[in-house]
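What follows is each chain in one-letter form.
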Amino acid sequence: MRKISVLFVTQAAVIAAMYVVLTFVSSSMGLASGEIQIRLSEMLCILPAFTPAAIPGLFLGCLLSNLLTGCTVIDIVFGSLATLIAAVFSYQLRNHKYPLLVTVPPVVANMIVVPFILKFSYGVPLPIPVMMATVGIGEVISVMVLGSVLYFALDKRRVIFHQS
């Protein structure tokens, strides 16, 4: 069994805390919920490219964010699981020839899961395909655009996520 290091736990905790803070910032600007969501915290979904600690960090950050912002139980459970699944797939793509493929799993996972949450948990009357498009647009902005900027900023400073 692999021993979990203090560094791993610390990185996961810091990522979770950053996710929560960025979700609150997005929420205060009216961007973190509804059919079109631009959660600034979603740009952190590129972090599995740098450290496996991002997997539990993103999951816990999303879970705490959804708990603290008053989401429904369905949203808390399935929204957080979508983030966890996306983080695992992004981690699997970390060494790919095209490094920005790590941005695809969070976009796809949220495009599939969030519209059903909006429909069945919040009663949003829009058709599921329309919400897939609107959620997808928000995810592309949050993860693919802002996340790519973060990726290239961190890629030059890989020592930040040095594994000891």
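Here goes a summary of the coordinates provided. (Residues numbered from 1 in each chain as written. Predicted model: local features only at pLDDT ≥ 70, side-chain atom pairs only at ≥ 80, totals over all residues. Heavy atoms only, no water.)

As a further point, take the nonpolar core. Counting residues in hydrophobic clusters, the biggest one holds 19 residues, and the most contacted among them are Leu-44, Ile-46, Leu-47, Phe-50, Leu-58, Leu-150 and Leu-154. Mapped onto this core, the elements with two or more residues apiece are α1 (6-28), α2 (54-68), α3 (73-92) and α5 (128-155). In terms of residue count, α2 provides more of this core than any other element does, four residues in total. Grouped together as the second largest cluster of nonpolar side chains are six residues, Leu-118, Val-124, Met-131 and Val-135 included. (Core = buried A, V, L, I, M, F, W, Y, C linked by side-chain atoms within 4.5 Å. Buried < 20%, exposed > 50% of the residue type's maximum accessible area, 1.4 Å probe, protein only. Helix = DSSP H or I, 4+ residues; strand = E, 2+ residues; numbered from the N terminus.)

Here Glu-139 shows up in helix α5. Despite its burial, Glu-139 pairs with no opposite charge; the closest candidate is Arg-39, at 7.2 Å N-O. (Lys, Arg positive; Asp, Glu negative; His and termini not counted. Salt bridge = Lys/Arg side-chain N within 4 Å of Asp/Glu carboxyl O.)

Right, let's get into the packing of helix α4 (residues 104-122) against α5. Pairs of packed helices are described in terms of their axes, by the angle between the two and the distance that separates them. Interaxial distance between α4 and α5 falls to 8 Å at its minimum, and their mutual angle equals 140°. It follows that α4 is oblique to α5 by the angle criterion. Here the hand of the crossing between α4 and α5 comes out right-handed. Residues Val-104, Pro-106, Val-107, Asn-110, Met-111, Ile-112, Val-114, Pro-115, Phe-116, Leu-118 and Lys-119 of α4 form the contact with α5, whose own contacting residues are Ile-128, Met-131, Met-132, Val-135, Gly-136, Glu-139, Val-140, Val-143 and Met-144. For the contact of α4 with α5, the per-class residue count stands at 16 nonpolar, two polar and two charged. (Axes fitted to C-alpha atoms, helices over the stretch in contact; angles between N-to-C directions. Parallel < 35°, antiparallel > 145°, perpendicular 65-115°, else oblique. Left-handed = near helix turned anticlockwise from the far one by under 90°. Contact = heavy atoms within 4.5 Å. Nonpolar A, V, L, I, M, F, W, Y, C, P; charged D, E, K, R; others polar.)

Turning next to the state of the cysteines. Per the counting criterion, the structure on display carries zero disulfides. Here Cys-45 stays unpaired: no disulfide links it, and the sulfur of Cys-62, its closest cysteine neighbor, is 8.0 Å away. Residue class for Cys-62 comes out buried when judged on its relative accessible area of 2%. (Disulfide = S-S within 2.5 Å.)

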